[in-house]
Amino acid sequence: MKTIALALVALALAGCASMSPSLTEMPALPHIAEPAKGVFTSGRLTEAHVASIQQSGIREVIDLTLDSETPDFDEAAAARNRGMVYRNLPIKGADGLSMENVLAFDALLRSAKRPVLVHCASSNRVGAMAALKAAWIDGATTEDAIAIGKSWTGGNGNTELNSRTCVEAGEWNSFSGRPRSAAGSESSVERGRSVWRY
């Protein structure tokens with residue numbers, strides 16, 4: 001009887017350890033969203049945010065910002081000191097919206113310990129990467145990819161423009177990593193990148 005009771009307690013504890021917080025249980029982060037079970041997204045994090053997300057149960061942080069964006073804050077050390085896995089995929093504006101980075105983003109999401117928080121400064125890069133992943137890797141239509149990008153941003157106002165511009169401009173061939181077509185001397189991808197904002 002003791003063995004059964006101990007086994008039940010162990011199962012209950014294991015279940016609690018893997019439970020994901022709900023969006024209402026997460027701290028007030030800029031542009032917070034929960035686009036998928038166990039996946040949270042937001043804008044810039046501070047030291048206080050890192051402590052709060054760890055207490056909420058976040059196990060991994062995927063940061064899409066450059067270190068130079070927060071010279072006075074070592075987010076990697078802050079997350080690791082609190083026992084979270086920290087991964088950085090620095091997306092430098094529109095130039096970072098490449099097939100190589102979208103593939104890396106997809107790999108990070110697939111291997112992430114859930115619950116995971118994916119963030120950038122304003123959530124625009126998060127939305128753009130999610131939209132491009134949906135279109136270029138998952139085969140979503142333009143409209144579906146844009147809706148997915150928007151769902152990853154917590155209502156940031158630039159998201160639809162950025163996602164639409166990127167997805168429509170980047171008709172990528174997933175095998176070569178090059179645009180399927182280009183108009184004139186300037187490719188559609190370059191035109192799309194020229195209006196993208198974060």
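Going by the structure above, here's the rest.
This section reports on the structure supplied with the text. As a convention, each chain's residues are numbered from 1 in the sequence order in which they are written. Confidence filtering applies because this is a predicted model: local features only for residues at pLDDT of at least 70, side-chain atom pairs given and counted only at 80 or more, and all residues used for totals across whole chains, interfaces and linings. The basis for the side-chain values is all heavy atoms of the structure; hydrogens and waters are excluded.

### Details of helix α2 (residues 47-56)
Working step 1: Residue exposure (1.4 Å probe, protein chains only): buried if accessible area is under 20% of the type maximum, exposed if over 50%, otherwise partly exposed. Secondary structure counts use DSSP, requiring at least four H or I residues in a row for a helix and at least two E residues in a row for a strand, with both numbered from the N terminus. The complete set of buried residues in α2 reads H49, V50, A51, I53 and S56.
Working step 2: Note on contacts: a residue pair is in contact if any heavy atoms of the two residues lie within 4.5 Å. Where α2 is buried, its residues meet β3 (60-63), α3 (75-81) and β5 (116-119).
Working step 3: A positive backbone phi angle near 110 degrees is found at G57, which sits one or two residues after α2.

### Brief notes about the packing of helix α4 (residues 99-111) against helix α5 (residues 124-137)
Working step 1: It is the contact of α4 with α5, at a shortest axis distance of 10 Å, that shows an interaxial angle of 95 degrees. When the axes of α4 and α5 are compared, the pair comes out roughly perpendicular. Here M99, N101, V102, L103, F105, D106 and L109 of α4 come into contact with α5, specifically with M129, A130, L132, K133, W136 and I137.
Working step 2: Taken together, the residues of the contact of α4 with α5 sort by class into ten nonpolar, one polar and two charged. Between N-to-C directions, angles span 0 to 180 degrees; the directions come from axes that are lines fitted to C-alpha atoms, helices contributing only their stretch in contact. Should an angle fall under 35 degrees it is taken as roughly parallel, and over 145 as roughly antiparallel, whereas 65 to 115 is taken as roughly perpendicular and any remaining angle as oblique. Residues were grouped as follows: Ala, Val, Leu, Ile, Met, Phe, Trp, Tyr, Cys and Pro as nonpolar; Asp, Glu, Lys and Arg as charged; and all remaining residues, including Gly, as polar.

### Comments concerning the pattern of salt bridges
Working step 1: Any carboxyl oxygen of Asp or Glu that lies within 4 Å of a side-chain nitrogen of Lys or Arg is treated as forming a salt bridge with it. The full count for this structure, using the stated rule, is six salt bridges.
Working step 2: A salt bridge links R44 to E69; its shortest N-O distance comes to 3.5 Å. On the criterion of sequence distance, the pair formed by R44 in the loop between β2 (39-42) and α2 and E69 in the loop between β3 and α3 is long-range, its members being 25 residues apart.
Working step 3: In this structure, the salt-bridge partner of E60 is R87, at a minimum N-O distance of 3.7 Å. Linking E60 in strand β3 with R87 in strand β4 (residues 85-88), this pair joins segments that are 27 residues apart in sequence.
Working step 4: Residue class for R87 comes out partly exposed when judged on its relative accessible area of 38%.
Working step 5: Among the ionic contacts, a cluster of salt bridges with common partners joins D106, R110, K133 and D138.

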